Amino acid sequence: MPAVQLLLLACVVWGAGAKAAQLRKANDRSGRCQYTFSVASPNESSCPEPGQAMSAIQDLQRDSSSQRAELESTKARLSSLESLLQRLNLDQAAGPQEAQEGLQRELGALRKDRDRLETQARELEVAYSNLLRDKSALEEEKRRLGQENEELARRLESSSQEAARLRRGQCLQAGGPSQDLLSGSREVPQWNLDNLAFQELKSELTEVPASGILQESPSDRPRIGEGDGGCGRLVWVGEPVTLRTAETITGKYGVWMRDPKPVHPYTQETTWRIDTVGVDIRQVFEYSLLSDFVQGYPSRVHVLPRPLESTGAVVYAGSLYFQAAETRTVIRYELNTEAVKAKKEIPGAGYHGQFPYSWGGYTDIDMAVDETGLWVIYSTEEAKGAIVLSQLNPENLELERTWETNIRKQSVANAFVICGTLYTISSYSSADATVNFAYDTGTGRSTSLTIPFKNHYKYTSMVDYNPLERKLFAWDNFNMVTYDIKLAKL
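Please read all numbers here as calculations on a predicted model, not as lab measurements.

Cut-offs and rules
Residues numbered from 1 in each chain as written. Predicted model: local features only at pLDDT ≥ 70, side-chain atom pairs only at ≥ 80, totals over all residues. Heavy atoms only, no water. Core = buried A, V, L, I, M, F, W, Y, C linked by side-chain atoms within 4.5 Å. Buried < 20%, exposed > 50% of the residue type's maximum accessible area, 1.4 Å probe, protein only. Pairing = 2+ DSSP bridges. Helix = DSSP H or I, 4+ residues; strand = E, 2+ residues; numbered from the N terminus. Axes fitted to C-alpha atoms, helices over the stretch in contact; angles between N-to-C directions. Disulfide = S-S within 2.5 Å.

Regarding the nonpolar core
Right, on to step 1. With 46 residues, the main nonpolar core has Ile 274, Leu 320, Phe 322, Ile 377 and Leu 422 as its most contacted residues.
Right, on to step 2. Counting 22 residues, the second-largest nonpolar core is a separate cluster that includes Val 237, Cys 419, Tyr 423 and Leu 449.

And the structure:
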């Protein structure tokens, strides 16, 4: 056993690089073969003592164990390399075609994943855009509903005020003719009752010979204008003929008209209508045919650039003439182009309840049309509430001539002009009202009249004359009506 150990020790020393080693073989005294190695120490010049030799042997044994461990590690690495080499050889033997196909499959799978992720990203972007659009739409709808709610609240308040005013007006009307005034109107200066010029004229019955009465216009179709040669004084007003009834509270009172001097693209049958109950009145309904008007099918709806006030609007020569709300300004609005062509402030004219007709409704400024052109009916502080009548240039609205009458504006219910003569109506609610005064601009004189006028629905808020049809147009408590008339030769 010691011989084996010495042999191993010699191998280790030899493996460690010892070059001066010698092996001897000889029989010992007993005749057994004995191997002897001689190794020169690289560091020691002389042999150590026996104890030191054992220490050296132990060091050599430890070095041998370390070398053995390194050898095992090297063998393990070599096995791993052999396994890897074998696998590479197998892959190489499989051929490049299968490897390429495998790579193509992996690449295709990766592309599919990329396309799927891109599709999901696009879908998310579209969904996000839709959410943003829906959010904007909901915010806009919320804003619109808020505005509609505010508008409905204003209209409700206006309707409540109007209902209260109507109740007060009915009470005032029941009290007598002198109570036919708007309670909210501004105070009018006290009239001088000693001045006969401002006293109401005594009604007189004027007999007119039958030969002096002009032929009335047929009720079934418009009458062609006859010019100044067909003018005369009013002697008769027929029964009202109802053409249309408004559907909502906004049509309690309003104004409707046709153009006595139509221009292309309009005809003498084209009709316009404005409901004037409420605030911010801007809509003008246009009807191309009389049948459309009767059935309630407008062909066009105009939205005015400024709200109008009350029932004093008229249409003349293709333009709508109206009073701008809460001002004394009159505006010419061309209907075909929907453009404002002129505006004019009526000097000193009362407005917004200062000098209205007896029924109220902010009817301070009232436009009118007759055979001679365009008129405006109003009053001023200087005139002390008496009616002032001015003829306007229809192009630029300049005042051409002005007359101051002795008819108190708040004592009459409505007024209109025929052949240069101003006519007034006594009551807006009495079934047996009359055309009670006439003021002739040619002579500057007033005349009292008693021509019967029927307020069939007992709340007439507008009366206008159409010289082309020779009819009166009126708005009576939701109803749009016409009256045939008769004129006597001058």
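More follows now that the structure is in view.
Considering the sheet that holds strand β11 (residues 329-334)
Right, on to step 1. On the basis of which strands lie adjacent, the open sheet formed by 4 strands has the order β9-β10-β11-β12 and antiparallel pairing. Looking at which strands have only one partner, the edges of the open sheet turn out to be β9 (314-316) and β12 (339-345). Neighbour-to-neighbour, the strand axes of this sheet turn through a mean angle of 25 degrees, independent of strand direction.

Things to note about the pairing of strand β6 (residues 271-275)
Right, on to step 1. By the criterion of burial, β6 is predominantly enclosed, with 5 of the 5 residues buried.
Right, on to step 2. In this structure, strand β5 (residues 254-258) lies alongside β6, joined through 5 bridges in antiparallel fashion. Among the inter-strand pairings, Met 257 is bridged to a residue of β6, identified as Trp 272.
Right, on to step 3. Hairpin geometry of β6 and strand β7 (residues 281-287) is characterised by an intervening segment of 5 residues between the two adjacent antiparallel strands and by a positive phi of about 120 degrees at Gly 278.

A few points about unusual backbone geometry
Right, on to step 1. Cis geometry is adopted by the peptide bond preceding Pro 265, which originates at His 264 and carries an omega value of 10 degrees.
Right, on to step 2. Assignment of secondary structure puts Pro 265 in the loop between β5 and β6.
Right, on to step 3. You will see that Ala 317, though not glycine, has its phi angle at about 55 degrees, which is positive.
Right, on to step 4. Within the secondary structure, Ala 317 sits in the loop between β9 and β10 (319-323).
Right, on to step 5. The partly exposed category is assigned to Ala 317, whose relative accessible area is 26%.
Right, on to step 6. For Leu 397, which is not glycine, the phi torsion reads 70 degrees and is therefore positive.
Right, on to step 7. Its location among the elements puts Leu 397 in the loop between β15 (386-392) and β16 (399-408).

Considering the state of the cysteines
Right, on to step 1. Taken as a whole, this structure holds 1 disulfide when the rule is applied.
Right, on to step 2. Here Cys 231 connects covalently by a disulfide to Cys 419, the sulfurs 2.4 Å from one another. Sign of the S-S torsion, about -95 degrees for the bond between Cys 231 and Cys 419, identifies this disulfide as left-handed. Here Cys 231, found in the loop between α3 (96-175) and β3 (232-237), pairs with Cys 419, found in the loop between β17 (414-418) and β18 (421-425); they are 188 residues apart in sequence, far enough to count as distant.
Right, on to step 3. Given the relative accessible area of 14%, Cys 231 is considered buried.
Right, on to step 4. Among the residues examined, Cys 419 registers a relative accessible area of 14% and is labelled buried.

Let's talk about the sheet that holds strand β14 (residues 373-378)
Right, on to step 1. As summarised here, the arrangement of the 4 strands in space is β13-β14-β15-β16, forming an open sheet in which the pairing is antiparallel. Where the open sheet ends on each side, the last strands, each with one partner, are β13 (366-370) and β16. Here the average twist between neighbouring strands, direction ignored, is 25 degrees.
Right, on to step 2. With 6 bridges joining them, β15 and β16 adopt antiparallel strand pairing. Counterpart to Leu 392 in the pairing with β16 is Leu 399.

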